[in-house]
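Coordinate inspection notes
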Amino acid sequence: MNYEPPRGSPIADARAPALAAQGGCKGAIRIANVVKIYGSEGAGVRAVDDCTFHVPAGKITVVVGPSGCGKTTLLNAIAGFHSITSGTIHLDDALLCGPGRPKADPGPDRIVVFQNGALFPWKTIVENVAFGPIVQGRLSRKAAFEKARMMLAETGLHNLETNYPGEISSGMRRRVEIARALMNDPKVLLLDEPYRALDSLTKSVMHEALLETFDRNRVTIFFITHDLEEAIFLGHHVVIMTTRPCRPKKILTVDIPHPRDYSVLTAKRFREYLDETVEAVHEEALKAFAAGERER
Amino acid sequence: MNVALAQGPTAVLAKPERGPGRLESSAYRMAQWLRSPRPYLMLIGFALFLGFWYLTVEVWKLPRFSQMPGPTAVITEWINPDPIYGLSLYSPEYYQHIWVSTRRVLIAFLLATATGVPLGLLLGWSLRFKEYVFPVFELLRPIPPLAWVPLAIIMFHGSETPIIFLTFLASFYATTLNTMLGVESIDVSFVRAAYCLGAKRRQVFWHVIVPGAMPFIFTGLQISVGVAWFSLVAGEMVSGQYGLGYLINTSYTMVQYPTMVIGMITLGIVGYVTSAAVRVLGNYLMQWRARELAMGAEA
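Reading the values: rules and limits
- The residue numbering used here restarts from 1 in each chain and proceeds along that chain's sequence as written.
- Each chain takes a letter, starting from A, and each ligand takes a number, starting from 1, following the order in which they are written.
- Local features in this predicted model are restricted to residues of pLDDT 70 or higher, and side-chain atom pairs are both shown and tallied only at a pLDDT of 80 or more, whereas totals for entire chains, interfaces and linings draw on every residue.
- The numbering of helices and of strands both runs from the N terminus, where a helix is a DSSP run of H or I of at least 4 residues and a strand a run of E of at least 2.
- Counting other C-beta atoms within 10 Å of its own, a residue is labelled buried from 20 upward, exposed at 12 or fewer, and partly exposed in the gap between, with every C-beta atom placed from the backbone.
- Each axis is a line fitted through C-alpha atoms, taken for helices only over the stretch in contact, and angles between the N-to-C directions span 0 to 180 degrees.
- Between 65 and 115 degrees an angle is taken as roughly perpendicular, under 35 as roughly parallel, over 145 as roughly antiparallel, and anywhere else as oblique.
- Here is the rule for handedness: rotate from the far helix to the near one, and if that takes an anticlockwise turn smaller than a right angle the crossing is left-handed, while a clockwise turn gives right-handed.
- C-beta atoms are first placed from the backbone for all residues, and any pair lying within 7 Å is then listed as a contact.
- The classification used treats Ala, Val, Leu, Ile, Met, Phe, Trp, Tyr, Cys and Pro as nonpolar, Asp, Glu, Lys and Arg as charged, and all other residues, Gly among them, as polar.
- Pairing between two strands is assigned when DSSP locates at least 2 bridges connecting them.
- Seen with the strands pointing away from the viewer, any crossover whose path from the first strand over the helix to the second strand runs clockwise is right-handed.
- Residues of type Ala, Val, Leu, Ile, Met, Phe, Trp, Tyr and Cys that are buried and joined through C-beta atoms within 7 Å form what is called a nonpolar core.
- Start and end positions for the domains come from either an automated domain assignment or a database one.

A word on the environment of A:Glu284
All names here are of chain A.
- Examined against the element boundaries, Glu284 turns out to sit in helix α8 (residues 268-290).
- On the basis of neighbour counts, which here come to 23 C-beta atoms within 10 Å, the residue Glu284 falls in the buried class.
- In the structure, Glu284 is positioned 21 residues away from Ser263 in sequence and 29 Å away in space, judged by C-alpha atoms.

This is the structure we're talking about:
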């Protein structure tokens, strides 16, 4: 448990003074000594404990941990849905939450893509995608719809514009949701196990689509999953979490160049990364199992 | 590869157009319906019901039903241009009864909707407001409309307003409660997503809370119309000079039993029509839901 971060790893970066945004990219998140206790102090459940790591700008950072380990709590704190008990979270140089400000304000610089999807079922696909700029008053209705149509065309979804979310497949819905997020030029995309409910074939298509989107936009991605293969395939950095309370156990830098495609999965290097980490993940899974953590 | 990948799954699921026009599709649905066994099963159901009524009253003459008019008596009276008890399809009075009752129900229903929907939205949206109001609401709700009759007569003058008030009560409870449950049923992810995308609290209310509660609201409105007819009859039996409830009650006291049954059947038909109208309006306003359900039925 006494893991010493090697120099130059994300965990060490977090302790270093504020980093300049790398290569013009914005959206570095510094999580420092974050603690989250649910319920009252003392009797409460410690979900996150002294959690420190760094999500570099313009990179994909994947957080892996057993179900119910507290990774979603962390994401909710960044997004501004939940307060934290102590510690600080910075986005670039701005304080999101910390002492005197337990809860961040949700906003279009950090957009969440939810586990079960959150496209508004009562709005058509194009209305969903245009929603952000319209409510923010950033674009006129007409301009927002135009941009939304372009956005959808870019992802090959243009012929679904007038459909309602209930009429398209769940894989499509996830892609529309990511397009809806990117409409707002966010600094960070927060993805909370977005592909969990998909079958493995659809999942592989979604992974490549996500990487393609990333290559086009270079937005910082904070991705939560419990699937180690998914983590290594997608991430520049993989942060393996301990089970409750949640804290980084091992941080891995995946040195496989982007853009990646599915041939990576059979590469020797990929297998080595898996071998290197599978034990750590399995150990935590066993602990979580023993603690009787329910599937969430 | 990328292009193929991007197009691949889309092409499979693509629905290039918005589908046929509304008129065409309803004509198509009608034809489908006639081709399915459903309308014929429905007819058989009605035939069985009438047959049972006919047998028990007119053929077997069971003691329990000895006072009850049989279907032949009711139907001949109903379509008689010169009715024995003075009321049939040919008497203008019949339509006056229907109109007066329908008007009362409509007024009460609209009042209940105009007050119940906003109240329900507020109850679901603001926890503080709910803490003030909901306990009182829950205490008043179990009091049946009939128990309100004396108070309604004392409070309101004339015969029209007390009846409308009584009709309003039950509708109001149904609408408010369903609207509140509708707001509470909304997945918190939708609210969070809206905030994430930069919506203000007021925008979340109009873009998420109101449409999100809509399916429950319309379920509530359908119940509301149904219970409006319920309590209307209670009100009309107590006071008033017109209305189907009044008709049923006076025919009973004047031993005009076929007329009484005509009133009951009419009540059933008119009640069904109003509740179907609410359902049609709901489907029209919630295209997304209708289409989603249609997808589910096809899959």
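Here we look at the packing of helix α11 (residues 244-253) of chain B against helix α12 (residues 257-285) of chain B
All names here are of chain B.
- One can describe the packing of α11 onto α12 by two numbers: an axis separation of 8 Å at closest approach and a directional angle of 160°. It follows that α11 is roughly antiparallel to α12 by the angle criterion. The crossing of α11 and α12 is left-handed. Within the contact between the two elements, α11 uses Leu244, Leu247, Ile248, Ser251 and Tyr252 and α12 uses Thr259, Met260, Gly263, Met264, Thr266 and Leu267.
- The residue inventory of the contact of α11 with α12, partitioned by class, reads 7 nonpolar, 4 polar and no charged.

A closer look at the sheet that holds strand β4 (residues 86-91) of chain A
Residues and elements named next belong to chain A.
- Reading across from one edge, β2-β1-β4-β5 is the order of the 4 strands in this open sheet, with antiparallel pairing throughout. Strands at the two margins of the open sheet, each flanked by one partner only, are β2 (45-55) and β5 (94-97). The sheet shows a mean angle of 30° between the axes of neighbouring strands, taken without regard to direction.
- Note: strand β1 (residues 29-38) against β2, 7 bridges, orientation antiparallel.

Comments concerning the pairing of strand β7 (residues 188-192) of chain A
Residues and elements named next belong to chain A.
- Among the 5 residues in β7, 5 count as buried, and that is most of the element.
- Burial along β7 is two-sided: the face carrying Val188, Leu190 and Asp192 and the face carrying Leu189 and Leu191 are both buried.
- For strand β6 (residues 110-113) and β7, the ladder comprises 4 bridges, and the chain directions are parallel. Residue pairing for β7: Val112 is matched across the bridge by Leu190.
- Sheet topology note: the β7/strand β8 (residues 220-225) ladder contains 5 bridges and is parallel. Considered in β8, the bridge of Val188 is made with Thr220.
- You can see the chain leave β7, run along helix α6 (residues 200-217) and come back into β8, and the turn it takes is right-handed.

Digging into the nonpolar core
- Ranked by internal contacts, the top residues of the largest apolar core, which has 145 residues, are A:Ile78, A:Val129, A:Leu190 and A:Phe222.
- When residues of this core are assigned to their parent elements, the largest contribution, 14 residues, is made by helix α10 (residues 201-238) of chain B.
- Those residues in contact with A:Phe222 that lie beyond four places of it in its chain are A:Ile29, A:Val55, A:Thr61, A:Leu75, A:Ile78, A:Val188, A:Leu190 and A:Leu191.

Here we look at the domain arrangement of chain B
Residue and element names in this part refer to chain B.
- According to the domain assignment, chain B consists of domain 1 (23-68) and domain 2 (69-298).
- Taken over C-alpha atoms, the centre of domain 1 sits 26 Å from the centre of domain 2.
- At the junction of the two partners, domain 1 supplies 7 residues and domain 2 supplies 5 residues.
- Looking at the side of domain 1 that touches domain 2 residue by residue, the classes come out as 5 nonpolar, 1 polar and 1 charged.

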